[in-house]
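# Secondary and tertiary structure notes
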Amino acid sequence: MAVQNRKLDPDRAYNIAQEVLNELAAAIAEHAPMHSGHEGYAVIKEELDELWEEVRKKKQHPDRMRKEATQVAAMAMRFLYDVLGAGIPAPYHPDRP
Ligand SMILES: [Mg+2]
């Protein structure tokens, strides 16, 4: 299951990033923003614990692990987006020189 090749496969990475972005958009639509680092940490840990529950099963289900890992990544992105978003400069904006 683990990728052995050490060179980034951009298609594979793009598909994963798209999945994480979809999860982030759904979370933003459904739940209030993270108000603090403590709240964000707790949300990420909850998702990480759910991933661990899937990983530690004797019979692992790749789809369930993928779902939980995607949620971990999306909540880490949400931490950056909500808690630290103001401090992260956008790489490109049409109105910016
Ligand atoms: Mg979850």
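The structure this text deals with has already been given above.
### Thoughts on the overall build of the protein chain
Each helix and strand counted, the protein chain has three helices and zero strands in total. Overall, the protein chain shows an N-to-C arrangement of helices and strands of α-α-α. Intrachain contacts of the protein chain at a sequence separation of at least 6 include 69% that bridge at least 24 residues.

### Here we look at helix 1 (residues 10–30)
Compared with the 30 Å implied by 1.5 Å per residue over 21 residues, the 30 Å span of helix 1 between its first and last C-alpha is a close match. Across the 21 residues that make up helix 1, only a small minority, two, are buried.

### Regarding helix 3 (residues 62–83)
Residue pairs three or four apart in sequence face the same way in an α-helix, which turns once every 3.6 residues. Helix length check: helix 3, at 22 residues, gives a terminal C-alpha distance of 31 Å against a target of 32 Å (1.5 Å per residue), a fit within 8%. Within helix 3 the residues assigned to the buried category are Gln71, Val72, Ala74, Met75 and Arg78. Along its buried surface, helix 3 packs onto helix 1 and helix 2 (37–55).

### Considering the nonpolar core
Core analysis: the largest hydrophobic core is formed by six residues, namely Leu24, Met34, Val43, Val72, Ala74 and Met75. Apart from residues no more than four positions distant in its own chain, Ala74 is found in contact with Val20, Glu23, Leu24 and Ala27.

### Considering the packing of helix 2 against helix 3
Taken N-terminus to C-terminus, the directions of helix 2 and helix 3 make an angle of 170 degrees; their axes are 8 Å apart at the nearest point. In terms of orientation, helix 2 and helix 3 fall into the roughly antiparallel class. Contacts between helix 2 and helix 3 involve Gly37, Gly40, Val43, Ile44, Glu47, Leu48, Glu50, Leu51, Glu54 and Val55 from the first element and Arg64, Met65, Glu68, Ala69, Gln71, Val72, Met75, Ala76, Phe79, Asp82 and Val83 from the second. Classifying every residue of the contact of helix 2 with helix 3 by side-chain character gives 12 nonpolar, three polar and six charged.

### Some details on the packing of helix 1 against helix 3
One can describe the packing of helix 1 onto helix 3 by two numbers: an axis separation of 8 Å at closest approach and a directional angle of 65 degrees. The handedness of the crossing between helix 1 and helix 3 comes out as right-handed. For the pair helix 1 and helix 3, the contacting residues are Glu19, Val20, Glu23, Leu24 and Ala27 in the first and Thr70, Gln71, Ala73, Ala74, Met77 and Arg78 in the second. For the contact of helix 1 with helix 3, a count of residues per class yields six nonpolar, two polar and three charged.

### Overview of the environment of Leu51
Within the secondary structure, Leu51 sits in helix 2. A tally of 18 C-beta atoms within 10 Å means that Leu51 is categorised as partly exposed. It is 6.1 Å that separates the C-alpha atoms of Leu51 and Met65, two residues lying 14 residues apart in sequence. Leu51 has contacts with Met65, Glu68, Ala69 and Val72, leaving out every residue within four places of it along the chain.

What counts as what
- Sequence positions are assigned chain by chain, starting from 1 and proceeding in written order.
- This being a predicted model, a pLDDT of at least 70 is required before a residue's local features are given, and a value of 80 or more before pairs of side-chain atoms are given or counted; all residues contribute to the totals for chains, interfaces and linings.
- Secondary structure elements follow DSSP: runs of H or I no shorter than four residues count as helices, runs of E no shorter than two count as strands, and numbering proceeds from the N terminus.
- Think of it this way: build a C-beta for each residue from its backbone, and any pair within 7 Å is a contact.
- One less than the residue count of a helix, multiplied by 1.5 Å, gives the span that helix is expected to have.
- Neighbour counting defines burial: a residue surrounded by 20 or more other C-beta atoms within 10 Å of its own C-beta is buried, one with 12 or fewer is exposed, and intermediate counts give partly exposed, using backbone-placed C-beta atoms.
- Put simply, a nonpolar core is buried Ala, Val, Leu, Ile, Met, Phe, Trp, Tyr and Cys residues tied into one set by C-beta atoms within 7 Å.
- Under this scheme, a helix contributes an axis fitted over its contacting stretch, all axes are lines through C-alpha atoms, and angles between N-to-C directions fall in the 0 to 180 degree range.
- Just so you know how the angles are binned, under 35 degrees is roughly parallel, over 145 roughly antiparallel, 65 to 115 roughly perpendicular, and the rest oblique.
- Basically, the charged four are Asp, Glu, Lys and Arg, the nonpolar ten are Ala, Val, Leu, Ile, Met, Phe, Trp, Tyr, Cys and Pro, and anything else, Gly included, counts as polar.
- Crossing handedness is read from the near helix: turned anticlockwise from the far helix by less than a right angle, it gives a left-handed crossing, and turned clockwise, a right-handed one.

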